Amino acid sequence: MNKVMKEMISTLLYLLAVLCLTWAVIHFVGQRTEVEGASMESTLSDGDNLIVDKISYRFRDPQRFDIIVFPFRYKENTYYIKRIIGLPGETVQIDEQGNIYINGEKLQESYGREIIKPENIGLAAEPITLGEDEYFVMGDNRNNSTDSRTEIVGNIHRDEIIGRAWVRIWPFSKFGILKHQ
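The structure reproduced in this document is the subject of the present report. Computed from a prediction, not measured in an experiment: that's the story for all the values here. (Residues numbered from 1 in each chain as written. Predicted model: local features only at pLDDT ≥ 70, side-chain atom pairs only at ≥ 80, totals over all residues. Heavy atoms only, no water.)

Of the two faces of strand 5 (residues 91-94), only the one carrying V92 and I94 is buried; T91 and Q93 on the other face are not. As defined by bridge partners, strand 5 adjoins strand 8 (residues 128-129) across two bridges and the pair is classed as antiparallel. Directly across from T91, in strand 8, lies its bridge partner T129. Of the pairings in the sheet, the one linking strand 5 to strand 6 (residues 100-102) comprises three bridges and is antiparallel in character. Each residue of the ladder has a partner; that of V92, found in strand 6, is I102. Taking the residues that link successive antiparallel strands as the turn, the strand 5-strand 6 hairpin has five residues, and the phi of G98 there is positive, at about 90°. (Buried < 20%, exposed > 50% of the residue type's maximum accessible area, 1.4 Å probe, protein only. Helix = DSSP H or I, 4+ residues; strand = E, 2+ residues; numbered from the N terminus. Pairing = 2+ DSSP bridges.)

Structure, rendered in structure tokens:
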């Protein structure tokens, strides 16, 4: 083989290796996603671009207040981003004043943008007991979020979780690691 042919084969193998590595990182480690809508205001805004960590939940379970990404069951290539409120085996309920209760104890949290209005309590007006692999999720903008309080989202199963929102990469003025806890 001549020198030019060896160089072409070497370049093709290099490009193939780069493509395989890129595919592996996107598929197993992390991916970019864009926030659409206002359901996570004021933590995340419409148009924010994030990197989703897809690897940490292979080594540990999701925690309360983690911001997760999961697919919407009824529309292909549509993903939701919400905050975990209830963990497997817990009972979640929201009272008429908009207070969230976990196993009968009022949840102490500061992520909700405003008090939940009675018309937005949804399914959580009655106690919801989560299964062994189920999570109850809510948007931070509680009165403007389609989340586990609605039938079309409901409880999220562990295997539906794609990953944990990790870093905001756009806009640059808000660049940084996201606060979960």
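So, about the nonpolar core. Counting 15 residues, the largest nonpolar core has I85, I94, I100, F136 and M138 as the members making the most contacts within it. Setting aside chain neighbours within four positions, we find I85 in contact with R64, E90, I100, I102, L107, F136, V137, M138 and R142. If you look at the next biggest cluster of nonpolar residues, it comprises twelve residues, including Y57, Y80, I156 and I161. (Core = buried A, V, L, I, M, F, W, Y, C linked by side-chain atoms within 4.5 Å. Contact = heavy atoms within 4.5 Å.)

It is worth spelling out the pattern of salt bridges at this point. Within this structure, the stated rule accounts for nine salt bridges. Notably, a salt bridge pairs R164 with D66, separated by 3.7 Å at the nearest N-O pair. With a gap of 98 residues between them, R164 in strand 11 (residues 163-170) and D66 in the loop between strand 2 (49-53) and strand 3 (67-71) connect regions that are remote in the sequence. Neither R164 nor D66 differs from the other in exposure class; each is buried. The closest approach of N and O atoms between E109 and R142, which form a salt bridge, is 3.1 Å. Of this pair, E109 sits in the loop between strand 7 (105-106) and strand 8 while R142 sits in the loop between strand 9 (134-138) and strand 10 (156-157), and the two are 33 residues apart along the sequence. Under the relative-accessibility criterion, R142 is labelled buried at 2%. Salt bridges sharing common partners tie together R60, D66 and R164. (Salt bridge = Lys/Arg side-chain N within 4 Å of Asp/Glu carboxyl O.)

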